[in-house]
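For reference, the chains in residue letters:
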Amino acid sequence: MTTAGYINLIIAKYNYWIYIVLMCIGLWAMIAKRNLIKKIIGMNILQTAIILFYVSIATKKGATLPILGHHDAGHFVDYATVINPLPHVLMLTAIVVSVATLGVALALAMKIYNRYDTLEEDEIHARVRES
Amino acid sequence: MKRLGLLAVILFGALLVYGTTDFPDWGDPSSPAATHLSPYYIQHSLHDTAVPNIVTAVLADYRGYDTMFETAVIFTAGLACLFLLRVFITPKETEASGLYRHRATGITLRIGQGGRLPLGTREFERIDSQWVPYDLIIRTACSLVLPFIQLFALYVVAHGHHSPGGGFQGGVIFGAALILFAISHNLRTTLKAMPEKRTNILTGTGVLIYVGTGVLCLLLGGQFLDYAALAGLLGVDPVMARSHGILIVEIGVAIAVMAVMVSLYYNLASAGHMDEGL
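Residues numbered from 1 in each chain as written. Chains lettered and ligands numbered in written order. Predicted model: local features only at pLDDT ≥ 70, side-chain atom pairs only at ≥ 80, totals over all residues. Heavy atoms only, no water.

Things to note about the overall build of chain A
Next, step 1: The secondary structure content of chain A amounts to 4 helices and 0 strands.
Next, step 2: The order of α-helices and β-strands along chain A, N terminus first, is α-α-α-α.
Next, step 3: In summary, chain A has a C-alpha radius of gyration of 22 Å against a globular reference of 14 Å for 131 residues, an excess of more than 25%.
Next, step 4: Seen along its three principal axes, the alpha-carbon backbone of chain A occupies a region of about 70 × 45 × 15 Å.
Next, step 5: A buried classification covers 37% of the 131 residues belonging to chain A.
Next, step 6: Intrachain contacts of chain A at a sequence separation of at least 6 include 53% that bridge at least 24 residues.
Next, step 7: Per element, the accessible surface of chain A, about 7300 Å² overall, is 67% carbon and sulfur.
Next, step 8: For chain A, the separation between the mean place of its 11 positive charges and that of its 8 negative charges on side chains is 4 Å. (Helix = DSSP H or I, 4+ residues; strand = E, 2+ residues; numbered from the N terminus. Rg over C-alpha atoms; globule rule 2.2 N^0.38 Å. Buried < 20%, exposed > 50% of the residue type's maximum accessible area, 1.4 Å probe, protein only. Contact = heavy atoms within 4.5 Å. Areas by Shrake-Rupley, 256 points an atom, 1.4 Å probe, with all protein chains shown as cover. Lys, Arg positive; Asp, Glu negative; His and termini not counted. Charge placed at Lys NZ, Arg CZ, Asp CG, Glu CD.)

Dropping the structure here:
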């Protein structure tokens, strides 16, 4: 591949790579961090990366918002001039799910803290083994 | 374990980056995501539902089931949080105990178990044990801003047909306004304005409005969540009935989301005790 080919590849795909990096940061936080709150934050970063990825799929070059004017009624709307509304709908609901999971996760973390006086995973495991 | 995790994550990321080489270019109007289903929505939603905002039309009409169960998901999350955290043991003696501040001098009294101040004293105010700072500027500024935030939330819900917005966004803004009130004042003041019982009832009411609209369509001879069946009831033609049906459903979503946000905040901030918190 020529240099121009590589530059075109980067320009066409770099936003996906940014989301992949974000997703990996979130996943790594969920796997490697010992603190439950950090794990929850990692989960949120992962969800945000996926939301950004979907929203980025929806874009079309030179297209406008998926809100039509009333003068568009009865006309034929060229779908290349309006961005794809479907990923936006899906992500609207995904944001709500992320809030719901965050709320329940924080409630569980709070319960665990009340019971074991710590949010560090290894200390919790040690206390579970003791009892 | 950490090394292994890092290795797995890097491998995962490398595979995903390799996968993007087959992806359509960013902003390509002929990408698979933009060519199969979405052209139908873009070309027909205004004709089908008379809603200019395609996202709202798809959310509440074409994908009405999805949104209905989404509302059920947040309802369940609010319920789960309530069951996990809420503590119902509140002995009556502790009602008067706590920290009280003399308004004029700022001196703080601690009233122990069994002790009580004379009822109806205006010189003392109850304060939280951990969050004591009293800031007149923050309190006044938040009180000034709050009505406008709430008005904007109602606008976002009501104008979701014509501009970015809808039930989820408006509900979250309204919930955020109440949470701002709780942060700038304190939890007890907020609980007086918006009791816990009311948030719990509103959570159910929001879902009930959504599901009830669906069942009403069923009773009027349409299919579940087919708002065109409401045409006779609302006195408009079937296309406008879809538009109005979407608004009714969005109001239900907004009520449910607002109530769940506030309920989550109450439970998390006070660890389920509903007496004091952040």
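Observations regarding the nonpolar core
Residue and element names in this part refer to chain B.
Next, step 1: Residues I54, F168, Y210 and Y227 are the most contacted members of the largest nonpolar core, which totals 32 residues.
Next, step 2: Of the residues forming this core, the biggest block, 6 residues, is contributed by helix α4 (residues 54-62).
Next, step 3: Ranked by size, the runner-up nonpolar core spans 11 residues in total, among them L178, A182, Y265 and M274. (Core = buried A, V, L, I, M, F, W, Y, C linked by side-chain atoms within 4.5 Å.)

Structural notes on the pairing of strand β2 (residues 108-111) of chain B
Next, step 1: Summarising the sheet, strand β1 (residues 98-102) of chain B and β2(B) pair through 4 bridges and their orientation is antiparallel. Its bridge partner being in β2(B), B:L99 is matched across the sheet by B:R110. (Pairing = 2+ DSSP bridges.)

Focus on the packing of aromatic side chains
Next, step 1: If you walk through the whole model with that rule in mind, you get 10 aromatic pairs over all chains.
Next, step 2: Ring geometry for A:Y16 and A:F53: centres 5.8 Å apart, planes at 65°, overall edge-to-face. Separated by 37 residues along the polypeptide, A:Y16 in helix α1 (residues 3-32) and A:F53 in helix α2 (residues 36-58) bring together distant segments of the chain.
Next, step 3: Their ring planes at 75° and their centres at 5.7 Å tell us that B:Y65 and B:F224 sit as a pair that is edge-to-face. Of this pair, B:Y65 sits in helix α5 (residues 64-85) while B:F224 is found in the loop between α9 (196-219) and α10 (231-234), placing the two residues 159 residues apart along the sequence.
Next, step 4: A relative accessible area of 46% means that B:Y65 is categorised as partly exposed.
Next, step 5: Among the aromatic residues, ring-to-ring pairing joins A:Y16, A:F53, A:Y54 and B:F23 into one connected group. (Phe/Tyr/Trp six-rings, centres within 6.5 Å; stacked < 30°, edge-to-face > 60°.)

Describing the pattern of salt bridges
Next, step 1: On inspection of all chains with the given rule, the structure shows 7 salt bridges over all chains.
Next, step 2: Residue A:E121 pairs with A:K39 through a salt bridge whose shortest N-O separation is 3.8 Å. Of this pair, A:E121 sits in helix α4 (residues 121-130) while A:K39 sits in helix α2, and the two are 82 residues apart along the sequence.
Next, step 3: B:E196 is the salt-bridge partner of B:R86, the closest N and O atoms lying 2.8 Å from each other. Here B:R86, found in the loop between α5 and β1, pairs with B:E196, found in helix α9; they are 110 residues apart in sequence, far enough to count as distant. As far as burial versus exposure is concerned, B:R86 and B:E196 are alike and both buried. (Salt bridge = Lys/Arg side-chain N within 4 Å of Asp/Glu carboxyl O.)

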